[in-house]
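Tertiary structure, described
Each chain is listed here by its residues.
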Amino acid sequence: MGDGHTNRLTRFRLFKGRQRSPSVAVPDQAETPLGETSGIRFIVGFVRRDKIALSGAFGIAIFIVFSVIQGLLELLGGYLRNPSLSYLLLPSDPFTFHFGLELAPPSLANFPVGLLGYDETGRSILSRILYAAPRDALASILIVVSAIVIGMALGISAGYIGGWADEILMRITDAFLAFPLILLAIAMSLILGNGYLVVLITLMAIWWPTYARFFRAQALSLKSRGYVEASRLSGLSSARIILRHIFPNSIDPIVAIATLDFGNVILTYSTLAFLGIGVTVGVPEWGSMAAQGLSYAPRVWWYALFPAIAIMAVVVCFSLLGDRIQDMVGGRISY
Amino acid sequence: MDSKFLFFVARRAVNAVITVILMIALIFIIMHLVAPTPEDLARLYVGPKFPPAELKLIAQRLGLTQPVYVQFVTYVTGFFRGNLGTDTIYGIPEILVIEEYFPVTLNMVLLGTLLGVLLGLFTGAIAASNRNTPTDYGVKALYLGTWAAPPFLVGVVLQLFLGYGLHLLPTSNVANPVLSVPPPVTGFPLIDSILAQDWTYLYSWTRHLILPAITIGLISFGSITRLTRATMVDALDKDYVKLAYMKGLGQRTVVWGTAFRNAIIPIVTLLALTFAATVGGAVIVEYVFEYHGIGFFAVQAAYALDYPAILAITVIVGFSVIIANFIADVLYGIMDPRVRLT
């Protein structure tokens, strides 16, 4: 990472013919690791011109907006004890059995209820997939945001303070990094009881180490920059330097990693659900739907396949956008 | 082998040992957080089927009523002596269960990781040297597809098409269950069957290994392709590559002989991470293929509420990941001497 953007920086400067002189205190903006090619506005502008990334962003927007509305409706429906509220947006009730439609194949007959076929009790698979979306969205957002916050706090303090604090924090990070995610989640759900919340907490507790390493590398490379040294000489406290200089300048490259990571969280979460970890019996979940559907495969291919494709579609959207953002902040815009 | 390099290796080794102790401490802390009283802890150790009065006795017998720091020292020293608790289902020390299942998984995971790494390096280099051509986009589509697919989907699709559809390969088990397993000398099926000169078993084992290993390779190669492509794109812009072209070398020689050799160095650090991810991913692959390794055993243990087993497996897998990290660090130090200075 560090190498990537130093490269880009030198190339960028070469391009503009500007010389880097560490003895001169330059204004902050000129020495941010990303130079002029940075900022959310630039990313948005670039994504707008790129059809593939744009389609990814579009997919993510639909997924998030739908999940927020659907999630709120589910909460409201649960709160008011009025289940019909929670499937206001769905083509059909995802819980009521329809005997006679058991394992019926996808058809256009009862559009759009039967579009993706029916499960073993005649419930519409499309409705159940849509009903499950908010849980995945909530998991990915919560876990990535908490990973960024924890990783930032530990990584920046390790990199900026250095010395023994760095050693200790990095060893702890390594120890966390060594834990096999899926196994720990299984162990936790076994001991604490099987539930969505347990899986969320376990993943939140263990997802941050890569971010800590990344923020540490950023802090190390930023620490010796001219403007940080200048502000230290002018008497700014460490806390202020971290808040005003280190943090804003290291957050941009994180956007790319985080975008890719949303997909990873969804994959991990659905893998756990596939094994039956963190799911409530009866409540639809992409991974567990695929697992149930597999017992009817390959004749009833739609039951297992469509939930799996839902997972894949969301992850592909995040990857398309994240890949392109990474290309930009990593400086490989020479497409 | 200068003294500087030895110092570098020693430093990394000390780091690895500290990391292992920290990891065990974390497990210890987690256990004590979720089971604050001695009785709860005893329940963790012996399973859920004892009444409270007996749990009290068990807690005393296992030394769980002692002060926390004494328990911690016992726990850490126990780990280094190979004491990971007793399995509540089989009633034998956990380490024996792990000895039986872990080599099977390790064999598969190492082969799968190797496949993934080779595939990733190859496709990444091809994509970088054909930047912005249909080949590049094809590679991207390939790795995005396998990477974004949930691991169980990759496994199941392979199982359905190559196994049940074309009848090319067996879809479950480590080897044909009719065959008797060669006497365990090392625990690794490959070495054991060669030692016993049991070629039928070796053949059957190899055929059963192919599908899980391919699955692991497919789900893990995407990240390597991405990194290889990125570092190769950087390397191909470097002056030494331009010099190589100026010398009149062909594109193939420049790409594979010059740029590739320089670009793969940072990928070594990714190897350990890939290994960590695939050992975790082995759980789901083994579950799909009913491959009786540590991951399959972990899932069975979870369904049987066998707490010590699952904790022991977590610790052992974490331990092997730390070892892999250490090896990758040392390899990186050998390949890139600049690293030794830090």
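Scroll up to find the structure.
Throughout what follows, the structure given in this document is the object of discussion. (Residues numbered from 1 in each chain as written. Chains lettered and ligands numbered in written order. Predicted model: local features only at pLDDT ≥ 70, side-chain atom pairs only at ≥ 80, totals over all residues. Heavy atoms only, no water.)

Here the focus is the overall build of chain A. If you tally the helices and strands in chain A, you get 14 helices and 0 strands. Burial status across chain A gives 55% buried among its 335 residues. Contacts in chain A between residues far apart in sequence, at least 24 positions, make up 71% of those at least 6 positions apart. Accessible surface for chain A amounts to roughly 14700 Å². Of this, 69% is attributable to carbon and sulfur atoms. (Helix = DSSP H or I, 4+ residues; strand = E, 2+ residues; numbered from the N terminus. Buried < 20%, exposed > 50% of the residue type's maximum accessible area, 1.4 Å probe, protein only. Contact = heavy atoms within 4.5 Å. Areas by Shrake-Rupley, 256 points an atom, 1.4 Å probe, with all protein chains shown as cover.)

This paragraph deals with the nonpolar core. Residues Tyr211(A), Leu275(A) and Trp286(A) are the most contacted members of the largest nonpolar core, which totals 152 residues. Beyond its immediate chain neighbours, meaning those up to four positions away, Tyr211(A) contacts Val144(A), Ala147(A), Ile148(A), Gly151(A), Ile254(A), Ile257(A), Ala258(A) and Asp261(A). Residues Ala128(B), Ile224(B), Ala235(B) and Ile267(B) belong to the second largest nonpolar core, which totals 18 residues. (Core = buried A, V, L, I, M, F, W, Y, C linked by side-chain atoms within 4.5 Å.)

This part is about the layout of surface pockets. Residue and element names in this part refer to chain B. For the second largest pocket, the calculated volume is near 660 Å³. Looking at the second largest pocket, it is lined by 28 residues, and the ones nearest its centre are Tyr45, Leu62, Tyr75, Asn83 and Gly85. Considering each element in turn, the lining of the second largest pocket owes the most residues, 5 residues, to helix α4 (residues 68–80). Grouping the constituent residues of the lining of the second largest pocket by class yields 16 nonpolar, 9 polar and 3 charged. (1 Å grid on protein atoms, 1.4 Å probe; cavity = no way out; pocket = protein on both sides within 12 Å on 5 of 7 lines; lining within 4 Å. Points joined across faces, edges and corners; volume = space filled by probe spheres on them. Nonpolar A, V, L, I, M, F, W, Y, C, P; charged D, E, K, R; others polar.)

Inspection of every chain in the model, using the stated rule, returns 13 salt bridges over all chains. Measuring nitrogen to oxygen at the nearest pair gives 4.0 Å for the salt bridge that ties Asp239(B) to Lys242(B). Placement of the pair is Asp239(B) and Lys242(B) together in helix α10 (residues 239–246), with a separation of 3 residues, close to one helical turn. Each of Glu167(A), Arg171(A), Asp174(A), Arg213(A) and Arg11(B) takes part in a single network of salt bridges with overlapping partners. (Salt bridge = Lys/Arg side-chain N within 4 Å of Asp/Glu carboxyl O.)

On to the packing of helix α14 (residues 301–329) of chain A against helix α6 (residues 134–148) of chain B, then. Running from N to C, α14(A) and α6(B) cross one another at 130 degrees; their axes reach a closest spacing of 9 Å. The pairing of α14(A) with α6(B) is recorded here as oblique in orientation. As for the relative orientation of α14(A) and α6(B), their crossing is right-handed in sense. Note on element contacts: α6(B) touches α14(A) through Lys140(B), Tyr143(B), Leu144(B), Gly145(B), Trp147(B) and Ala148(B), opposite Met312(A), Val315(A), Val316(A), Ser319(A), Leu320(A), Asp323(A) and Arg324(A). By residue class, the composition of the contact of α14(A) with α6(B) is 8 nonpolar, 2 polar and 3 charged. (Axes fitted to C-alpha atoms, helices over the stretch in contact; angles between N-to-C directions. Parallel < 35°, antiparallel > 145°, perpendicular 65-115°, else oblique. Left-handed = near helix turned anticlockwise from the far one by under 90°.)

Often, the extent of an interface is quoted as the loss of accessible area on bringing the components together. Facing 46 residues of chain A, the contacting portion of chain B comprises 54 residues. Interface of chain A and chain B: buried area, both sides summed, is about 4500 Å²; carbon and sulfur atoms make up 73% of it. The largest contributions to the chain A side of the interface with chain B come from Leu183(A), Leu190(A) and Ile191(A), which together make up 14% of the buried area. On inspection of chain A and its partner chain B, the count reaches 3 salt bridges. Among the salt bridges present, the one from Arg11(B) reaches Glu167(A), with a minimum N-O distance of 3.4 Å. Our count for the chain A to chain B interface comes out at 5 residue pairs in polar contact (both at pLDDT 80 or more). Elements that contribute at least two residues to the side of chain A that touches chain B include exactly α1 (2–16), α7 (163–178), α8 (181–192), α12 (238–274), α13 (286–294) and α14 of chain A. Sort the elements by how many residues they give to the side of chain A that touches chain B and α14(A) lands first, with 11 residues. Tallied by class, the residues present in the side of chain A that touches chain B amount to 31 nonpolar, 8 polar and 7 charged. (Buried area = accessible area lost by both parts, 1.4 Å probe. Polar contact = N/O pair within 3.5 Å; in protein donor to acceptor, adjacent residues only side chain to side chain.)

Moving on to the packing of helix α6 (residues 125–161) of chain A against helix α9 (residues 196–206) of chain A. All names here are of chain A. Axis separation between α6 and α9 bottoms out at 9 Å; the angle between their running directions is 30 degrees. As far as their axial angle goes, α9 and α6 are roughly parallel. As for the relative orientation of α6 and α9, their crossing is right-handed in sense. Contacts from Arg135, Leu138, Ala139, Leu142, Ile143, Ser146 and Ile150 of α6 reach α9 at Tyr196, Leu200, Leu203 and Met204. Grouping the constituent residues of the contact of α6 with α9 by class yields 9 nonpolar, 1 polar and 1 charged.

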